[in-house]
Amino acid sequence: MGEVADLRVVQVTDFGAFLDWGHERDLLLPLSEQRLTPAVGRRVLVKVSEDRSGRPVASQRLERYLTDHSDDHRAGDEVALVIADTTDLGVKAVVDHRCWGLIYHDEISRPLRRGQRLTGYVKRVREDGRLDLSLLPPGSARLDVVGEQVLKALRDAGGYLPLSDKSQAAEIKARLGVSKNAYKQAIGRLYKRRLIVIEDSGVRLAPRDAGTTTTDESD
């Protein structure tokens, strides 16, 4: 109740559609609350609320419930996201089931699907209160996440990645989904922890015995 969810249509009638929301009784999406005609088997993004009688009801008219700005969020906040529509600038997401935010295309490091729930972060609050979002945490925690991506990519590639600090930003972005600057900082941290070896043409997983005496050095 009170959340935005991506639900499957199980029945369509003359007065509305019914959605599977995990309860014994399916959830009604009234005809008046529909934006597009639902079809059985398709999924719809809806806000779950109560009607005047206190009964649970769904609405596709999210603009009635979600604002375009927030007075409660600050840069760095961890937030719950529900992925919505793709725009020319990026992907719109519902933030904490209360307002809209935007993940710019260059912040997206993996495929996103409509209705997907995931954890995100407020990257910036604009002057008008609109939220710019990121899928990676701020500060050093961001580099730790990128570092784990690099280690996974190394393992999947057999222990070597042909990506150096001289590689093109587009090449790094295509392979790992991160910026060149984030990649350089992340491999620097991994090198300090003796988890990788940096070579002229790329990076390589360090021998296991070299990584047994890791330290927690930070920049």
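Residues numbered from 1 in each chain as written. Predicted model: local features only at pLDDT ≥ 70, side-chain atom pairs only at ≥ 80, totals over all residues. Heavy atoms only, no water.

Engineer: What's the story with helix 3 (residues 180-192) in this structure? I'm lost.
Structural biologist: In this model, helix 3 (13 residues) spans 19 Å end to end at C-alpha, consistent with the 18 Å of a helix rising 1.5 Å per residue. Residues of helix 3 that are buried include every one of Ala-182, Tyr-183, Ala-186, Ile-187, Arg-189 and Leu-190, and no others. Axial view of helix 3: buried residues confined to an arc of 155°, hence all on one face. Buried residues along helix 3 sit in contact with helix 1 (139-156), helix 2 (169-176), strand 12 (196-198) and strand 13 (203-205). (Helix = DSSP H or I, 4+ residues; strand = E, 2+ residues; numbered from the N terminus. Expected span 1.5 Å × (residues − 1). Buried < 20%, exposed > 50% of the residue type's maximum accessible area, 1.4 Å probe, protein only. Arc of directions from axis to C-beta. Contact = heavy atoms within 4.5 Å.)

Engineer: In this structure, what is going on with the sheet that holds strand 11 (residues 160-161)? I would like to understand it.
Structural biologist: Within a sheet, each strand pairs with its neighbour through backbone hydrogen bonds, oriented either parallel or antiparallel. Spatial strand order, 11-13-12: three strands in an open sheet with antiparallel pairing. Sheet topology places strand 11 and strand 12 at the edges, where each strand pairs with a single neighbour. Bridge count for strand 12 against strand 13 is three bridges, and the pairing is antiparallel. The residue bridging Ile-196 from the neighbouring strand is Leu-205, located in strand 13. This element, helix 3, spans strand 12 and strand 13 of the sheet and lies at about 120° to strand 12. (Pairing = 2+ DSSP bridges. Axes fitted to C-alpha atoms, helices over the stretch in contact; angles between N-to-C directions.)

Engineer: Just checking my understanding: could you explain the nonpolar core for this structure?
Structural biologist: Most often, soluble globular proteins have nonpolar side chains that are buried together. Core analysis: the largest hydrophobic core is formed by 19 residues, its most contacted members being Val-146, Val-150, Leu-154, Leu-176, Tyr-183, Ile-196 and Val-203. Elements supplying a minimum of two residues to this core: helix 1, helix 2 and helix 3. Judged by nonpolar contacts, the second largest core, of 14 residues, contains Val-79, Ile-83, Ala-93 and Cys-99. (Core = buried A, V, L, I, M, F, W, Y, C linked by side-chain atoms within 4.5 Å.)

Engineer: How do you make sense of the sheet that holds strand 10 (residues 131-134) when you look at a structure like this?
Structural biologist: Pairing within the closed barrel is mixed, and its five strands lie in the order 6-7-8-10-9. Pairwise comparison of adjacent strand axes, ignoring direction, gives a mean angle of 55° for this sheet. Relative to strand 10, strand 8 (residues 99-104) runs parallel, the two sharing three bridges. Bridge pairing links Gly-101 to Leu-131 in strand 10.

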